[in-house]
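Structural characterization, general
Chain residues, written in single-letter form:
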Amino acid sequence: MVPVSVVIITKNEAEVIASCINAVKLITDDIIVVDNDSTDGTPDIARKYGCRVYRENWNGYGVNKNKGIAYARYNWILSIDADEIADLDLVSALHEVKLNDATIVYDIKFISYYGTKPIHFGSWGRDHHIRLFNRKMVKWSESPVHETLMLPKTATVKRIKGHLHHYSVKDSVEFTRKADHYAQLSAGKYLVNNKKPTFLKLHIAPLFHFLKNYIVFFGFLDGREGFMIAKMISRHTRLKYRLLKEQPLISLQETPKVKDNLVAEYSIES
């Protein structure tokens, strides 16, 4: 086994959690699941497969991921989501990597799926994230949405072989629900950071993101699914700025600001 702890945060992931765990059991003997009030038996499934399960109140993605890191047995952390499955190339690469420099963080390529179809183009086809790091040097930001890894200036990013297969959405209904949910969270974050819903953001940015994903990044080569993804990214962009414009004013002194430039954000695009 690799001296790496896998941290997964969950809420009602019974459909996918077993496949996720089976893959990471090939990597480590320490799997931590931080669960937020699942009602579908997710914690029981995780325990059945040998995970250590902790029930935590929901305080945001970054906060709960940091809680999972604190429970870890090892300092090296592989942070994944319940709908992500490590392939055998990644498992093999992790067994070979030398974890002797805490300043190195490891970037992993993703293969994202729309339903059962792997997406090769558009923003989804270019997806990759830093997911393996040492907790002595790195932790998650604790913003309510688009959590980021806060890296020291001395950090070196290395790409590791293999992929995480991300089963992003089952169908258009789930995709719409997720896009709208993240738009609401993004609008709240932008409000806290005092961002303005300018004319360009409201009217030009949605079209720009559609054209970038569908034309510039060759999303049309993924067929109907490529069009649906580009369309939904455009919708997400428009909605978050419209919601920002409609948000009531709040005291910005009540909530600390979150820097946008820490590391690349997670978004509905990935």
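The preceding data block contains the structure.
Residues numbered from 1 in each chain as written. Predicted model: local features only at pLDDT ≥ 70, side-chain atom pairs only at ≥ 80, totals over all residues. Heavy atoms only, no water.

**What about the pattern of salt bridges?**
On inspection of all chains with the given rule, the structure shows 16 salt bridges. Note that D30 is salt-bridged to R52, the shortest N-O span being 2.6 Å. A residue pair is termed long-range when its members are at least 10 positions apart, and D30 in the loop between α1 (17-24) and β2 (31-35) and R52 in strand β3 (residues 52-55) qualify at 22 residues. In this structure D30 comes out as buried when scored by relative accessible area, which is 1%. Exposure remark for R52: the relative accessible area of 24% places this residue in the partly exposed category. Its salt-bridge partner being R131, residue E84 comes within 2.7 Å of it at the nearest N-O pair. Separated by 47 residues along the polypeptide, E84 in strand β5 (residues 84-86) and R131 in strand β8 (residues 128-134) bring together distant segments of the chain. Take R131: its relative accessible area is 1%, and that puts it in the buried class. Several salt bridges share partner residues, and in doing so they unite D29, D30, R52 and R73 into one network. (Salt bridge = Lys/Arg side-chain N within 4 Å of Asp/Glu carboxyl O. Helix = DSSP H or I, 4+ residues; strand = E, 2+ residues; numbered from the N terminus. Buried < 20%, exposed > 50% of the residue type's maximum accessible area, 1.4 Å probe, protein only.)

**Some details on a nonpolar patch on the surface**
A cluster of nonpolar side chains, contributed by F121, L207, L211, I215, V216, F218, F220 and L221, occupies part of the molecular surface with about 710 Å² of accessible area. Here I215 is to be found in helix α6 (residues 199-216). (Patch = residues over 30% accessible without salt bridge, like charges linked within 9 Å, V, L, I, M, F, W, Y side chains within 5 Å. Areas by Shrake-Rupley, 256 points an atom, 1.4 Å probe, with all protein chains shown as cover.)

**Examining the packing of aromatic side chains**
One pass over the full model with this rule turns up 14 aromatic pairs. Ring geometry for F210 versus F227: centroids 5.9 Å apart, planes at 85 degrees, classification edge-to-face. Here F210, found in helix α6, pairs with F227, found in helix α7 (residues 223-246); they are 17 residues apart in sequence, far enough to count as distant. Owing to a relative accessible area of 19%, F210 belongs among the buried residues under this scheme. Among the residues examined, F227 registers a relative accessible area of 34% and is labelled partly exposed. (Phe/Tyr/Trp six-rings, centres within 6.5 Å; stacked < 30°, edge-to-face > 60°.)

**What to know about the pairing of β8**
Of all seven residues that make up β8, six are buried, and the element is covered over most of its length. When strand β4 (residues 76-81) meets β8, the two strands line up antiparallel, connected through three bridges. Within β8, the residue paired with L78 across the bridge is L132. Here four bridges tie strand β6 (residues 104-114) to β8, and the two strands are oriented antiparallel to one another. Among the inter-strand pairings, Y106 is bridged to a residue of β8, identified as L132. (Pairing = 2+ DSSP bridges.)

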